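Single-letter residue listing:
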Amino acid sequence: GPEWATVFDGATGREVARVPWPSRTVGGETLDYNYASRNQIGIAYLDGKTPCVILERGTYTTIQVHAYQFHDGRLTPVWQWSSLQERQPKRWRGQGAHTLQAHDVDGDGRDEVVIGSAVIDDNGVGLWTTGLGHPDHCYVGKIIPDRPGLQIYYGMETAQQEANGMCVVDAANGKILWGLKGATRHIHGTGFCADVDASHPGLELYGCDTDAAKRFERGWLLDARGEVIVATNKLTEQRPVYWDTDPQAELIARRRITDFGSSTVQQELAGTVVLVADVLGDWREEVFTSLPGELRIHTTPIPAADRRVCLMQDPVYRNTVAAAAQGYFYNAMLSYLPAHK
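Reading the values: rules and limits
- Residues numbered from 1 in each chain as written.
- Predicted model: local features only at pLDDT ≥ 70, side-chain atom pairs only at ≥ 80, totals over all residues.
- Heavy atoms only, no water.
- Helix = DSSP H or I, 4+ residues; strand = E, 2+ residues; numbered from the N terminus.
- Rg over C-alpha atoms; globule rule 2.2 N^0.38 Å.
- Buried < 20%, exposed > 50% of the residue type's maximum accessible area, 1.4 Å probe, protein only.
- Areas by Shrake-Rupley, 256 points an atom, 1.4 Å probe, with all protein chains shown as cover.
- Lys, Arg positive; Asp, Glu negative; His and termini not counted.
- Charge placed at Lys NZ, Arg CZ, Asp CG, Glu CD.
- 1 Å grid on protein atoms, 1.4 Å probe; cavity = no way out; pocket = protein on both sides within 12 Å on 5 of 7 lines; lining within 4 Å.
- Points joined across faces, edges and corners; volume = space filled by probe spheres on them.
- Nonpolar A, V, L, I, M, F, W, Y, C, P; charged D, E, K, R; others polar.
- Salt bridge = Lys/Arg side-chain N within 4 Å of Asp/Glu carboxyl O.
- Pairing = 2+ DSSP bridges.
- Contact = heavy atoms within 4.5 Å.
- Core = buried A, V, L, I, M, F, W, Y, C linked by side-chain atoms within 4.5 Å.

**Examining the overall build of the chain**
When helices and strands are tallied, the chain shows 3 helices and 27 strands. In terms of C-alpha radius of gyration, the chain reaches 20 Å, essentially the compact-globule figure of 20 Å for 341 residues. Expressed along its principal axes, the backbone C-alpha trace of the chain runs to roughly 55 × 50 × 40 Å. The buried share among the 341 residues of the chain stands at 52%. Roughly 15500 Å² of accessible area belongs to the chain as shown, and the carbon and sulfur atoms make up 50% of that amount. Charged side chains in the chain number 32 positive and 42 negative. The centres of these two groups are separated by 4 Å.

What follows is the structure, given as structure tokens:
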């Protein structure tokens, strides 16, 4: 049946505007519903000041992205993009991630649309693609301290034959800065990208490979230069959180908050973690958990030792938190490194 994107009046629930969702048929090709219909939605400031609604159909095969502005009660088209329209469509096909993100990756003051292993420029034209395939996790932010601009960390579900199953690229142009050496089968979605170890500059990156049955096989914690800190499975399913007074993130594992490498429990949580974000504004993060009939917000009891800007004021952080409403959960990134400010 028909599929729509709809704007409702927040006070009354009345439908205000409606547009068709990107079609299940494009370029004469009827798309496989499962692979082509991992639908995503987001907001991008394509001109640097006006919020635009971004609709996406597709992750593993053909990808379509439509941009609209909502003005005077109407959704007005801005541009439409499809992986089929690019000069090398096979390099753009199947590059989608499990979230749609919008960030100013090239520093021009306007948001680009990060669909995964490829980025669409603010004008609706493909900016770059790695051609590596589908990433199970995709983290956009400041990763390497002495490199200008933003970087992107990928954990690739698509098998890589020689290298780059875990890799970092320059967000402005897609150039691979480093990649994990060796073949990988399926880097799974349970990775993270955060500064958890003060002895290594920049962020640390975790990912794990799986066997043919999608069971854990091996995992790595890498530093911002791609060097292996430790090969371990103990970081699987852990989520970073800024909780105490230092600029490193702690880790949430089995409803317990601890420092990386420590057995000391700083906080016990109740429920399933659904979001980590600085919503109270003291630069540490709150942990949202769900229980039957409840949504709980856990906040740190530790007074801050210094004054820092609320993390939500950083556009990269704010946009990553917004993307948590869809697909896989990625910890929120920043455009700067707190340990270096």
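**Regarding empty space enclosed by the protein**
Taken as a whole and judged by the stated rule, the model has 1 cavity of 30 Å³ or more. What the largest cavity holds in volume is close to 140 Å³. Lining the largest cavity are 17 residues, and of these Cys 193, Ala 194, Tyr 242, Asn 331 and Ala 332 lie nearest its centre. Elements with a contribution of two residues or more to the lining of the largest cavity: strand E17 (192–194) and strand E21 (239–241). Its residues placed into classes, the lining of the largest cavity shows 13 nonpolar, 1 polar and 3 charged.

**Focus: the pattern of salt bridges**
Per the stated rule, a full pass over the model turns up 13 salt bridges. Across the salt bridge formed by Arg 110 and Asp 108, the nearest N and O atoms sit 3.3 Å from each other. We classify Arg 110 as partly exposed; its relative accessible area is 33%. Where Asp 170 meets Arg 147, a salt bridge forms, and the shortest distance between an N and an O atom there is 3.3 Å. Here Asp 170, found in strand E15 (residues 163–170), pairs with Arg 147, found in the loop between strand E13 (135–141) and strand E14 (151–156); they are 23 residues apart in sequence, far enough to count as distant. Given the relative accessible area of 28%, Arg 147 is considered partly exposed. Salt bridges sharing common partners tie together Glu 3, Arg 24 and Arg 57.

**As for the sheet that holds E21**
Strand pairs in the sheet, formed through backbone hydrogen bonds, run parallel or antiparallel to each other. The sheet built from 4 strands is open, its strands ordered E21-E22-E23-E24 with antiparallel pairing. The outermost strands of the open sheet, each flanked by one partner alone, are E21 and strand E24 (267–268).

**As for helix H3 (residues 315–323)**
Within H3, the full set of buried residues consists of Val 316, Tyr 317, Asn 319, Thr 320, Val 321 and Ala 323. In the core, the buried residues of H3 are packed alongside strand E9 (96–103), E13 and strand E25 (272–277).

**Things to note about unusual backbone geometry**
A positive phi is found at Lys 214, a non-glycine position, where the angle reads about 65°. Topologically, Lys 214 is positioned in the loop between strand E18 (204–210) and strand E19 (216–222). Within the chain, Arg 255 stands out as a residue other than glycine whose phi angle is a positive 65°. Within the secondary structure, Arg 255 is located in the loop between strand E22 (250–253) and strand E23 (256–258).

**Overview of the nonpolar core**
Core analysis: the largest hydrophobic core is formed by 65 residues, its most contacted members being Ile 143, Ile 152, Phe 192 and Val 287. Residues Ala 67, Trp 81, Ala 102 and Ala 118 belong to the second largest nonpolar core, which totals 16 residues.

Remember that the coordinates give geometry; whether it matters functionally is a separate question.
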